[in-house]
Amino acid sequence: MKVIVTKNYAESCKFVADHIVNLVNKDPKVKLGLATGGTAEPIYTEIVKLYNEKKVDFSQVTTVNLDEYVGAKPDNEISYRYYMNHWLFDHINIDKNNTYVANGLNNIDDEIKLFNEKLYGDKQVAFQLLGVGVSGHIGFNESGDKLTAGVHIEDLQQSTIDANARYFDSPDDVPRKAFTMGVGDIMRAKSVLLIATGDSKINVMREILTNDSVTTKVPATLLKLHADSTVVVDEDLARKCGYLK
Ligand code: F6R
């Protein structure tokens, strides 16, 4: 696992945006795995900026997103489809037919089948972007005694519900279940990159960056097993979690 320590979060986002743009420029038909969440928002803003500067062309790119709340209407602003359109897809020349975010309203079995087709129907996901939850989740794979390899419905833990309540009128409105890629799906991407910032991620980053353990209690530690994984973290968090002395 490669670790990149940046001066600050803005620099982390610039680094990740440049990396994604470079991947697209190298292979205009690349298949990207994308993430939502607060951490990723400035990355997408930076990608839109590079697109407006004519540094990249998304017309042949395909994307698959990590997860979506069960029950979320795609055009409702709490959905991850809405998030992706709002932060990225509406501002670049990607063909939305080539983008996949699970449909939270669809029949569960049908949607899991479709999710798998989108992941494995043609080429391999070349790059998977990841944030990390305070519970250590990647996608919505929550910590526990065991993890699930394939696409499935995950029950969200209280810490995730609490962290995501900021997007809802009340914590009671946060959906309790989500479609998510499993950890095996994430690990099958050719390369994976996790970005983290902020004090709420100190404990989880300590587990990822300061020892050699892999544990289902902190799913993000699985990235230590991936042949091409990168963690991007700013100096502040790197110090607070004990990675930098
Ligand atoms: C989002 C996702 C989640 C988030 C994680 C961090 O698609 O899969 O794993 O990346 O919950 O969220 P933020 O960035 O809001 O702290």
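Residues numbered from 1 in each chain as written. Predicted model: local features only at pLDDT ≥ 70, side-chain atom pairs only at ≥ 80, totals over all residues. Heavy atoms only, no water.

Caption draft 1: The arrangement of the packing of aromatic side chains in detail. Inspection of the entire model under this criterion finds seven aromatic pairs. Arranged with centres 5.9 Å apart and planes meeting at 75°, the rings of tyrosine 69 and phenylalanine 168 form a pair that is edge-to-face. Taken together, the positions of tyrosine 69 in strand β4 (residues 67-69) and phenylalanine 168 in the loop between α5 (158-164) and β8 (177-180) put the pair 99 residues apart, joining distant regions of the chain. The exposure class assigned to tyrosine 69 is buried, which follows from its relative accessible area of 1%. (Phe/Tyr/Trp six-rings, centres within 6.5 Å; stacked < 30°, edge-to-face > 60°. Helix = DSSP H or I, 4+ residues; strand = E, 2+ residues; numbered from the N terminus. Buried < 20%, exposed > 50% of the residue type's maximum accessible area, 1.4 Å probe, protein only.)

Caption draft 2: Here's a closer look at the pairing of β8. In this sheet, β8 lies alongside β4 in antiparallel orientation, the contact comprising three bridges. By the bridge assignment, glutamate 68 is partnered in β8 with phenylalanine 179. (Pairing = 2+ DSSP bridges.)

Caption draft 3: Main features of the sheet that holds strand β3 (residues 62-65). Here we have seven strands laid out as an open sheet, ordered β1-β10-β9-β6-β2-β3-β5, and parallel in their pairing. At either end of the open sheet lies a strand with only one pairing partner, and these are β1 (2-6) and β5 (99-100).

Caption draft 4: Expanded view of the sheet that holds β4. Reading across the sheet, the three strands line up as β4-β8-β7 and stay open at both edges, with antiparallel pairing between neighbours. Both edges of this open sheet fall to β4 and β7 (152-155), since each of them pairs with a single strand only. The average undirected angle you get between the axes of adjacent strands in this sheet is 30°. In this fold helix α4 (residues 108-120) packs onto β7 and β8, with an angle of close to 30° to the strand it touches most, β8. (Axes fitted to C-alpha atoms, helices over the stretch in contact; angles between N-to-C directions. Contact = heavy atoms within 4.5 Å.)

Caption draft 5: Seen up close, the site of the ligand. Surveying the vicinity of the ligand reveals 14 residues, the closest of which are Thr39, Asp67, His137, Gly139 and Lys201. Glycine 38 is positioned such that a nitrogen or oxygen atom in its backbone is 2.8 Å from an oxygen atom of the ligand. Measuring from an oxygen atom of the ligand, one finds a side-chain N or O atom of histidine 137 at 2.7 Å. Classifying every residue of the shell around the ligand gives three nonpolar, eight polar and three charged. (Near = heavy atom within 4 Å. Polar contact = N/O pair within 3.5 Å; in protein donor to acceptor, adjacent residues only side chain to side chain. Nonpolar A, V, L, I, M, F, W, Y, C, P; charged D, E, K, R; others polar.)

Caption draft 6: Here's a closer look at unusual backbone geometry. Phi angles above zero are rare outside glycine, and lysine 54 is one such case at about 65°. By the secondary structure assignment, lysine 54 is in the loop between α2 (41-52) and β3. Exposure remark for lysine 54: the relative accessible area of 74% places this residue in the exposed category.

Caption draft 7: Looking closely at the pattern of salt bridges. Under the criterion given, the structure shown has 16 salt bridges. Across the pair lysine 55 and glutamate 53 runs a salt bridge, and its minimum N-O distance is 3.0 Å. Residue class for glutamate 53 comes out partly exposed when judged on its relative accessible area of 38%. Put simply, Lys14, Asp18, Glu46, Lys49, Glu53 and Lys55 are held in one network by salt bridges that share partners. (Salt bridge = Lys/Arg side-chain N within 4 Å of Asp/Glu carboxyl O.)

Caption draft 8: Structural detail: helix α3 (residues 80-87). Taken together, the buried positions of α3 are occupied by Tyr80, Arg81, Tyr83, Met84 and Asn85. Turning to α3, the residues buried within the fold contact β2 (31-34), α2, β3, β4, β5 and α5.

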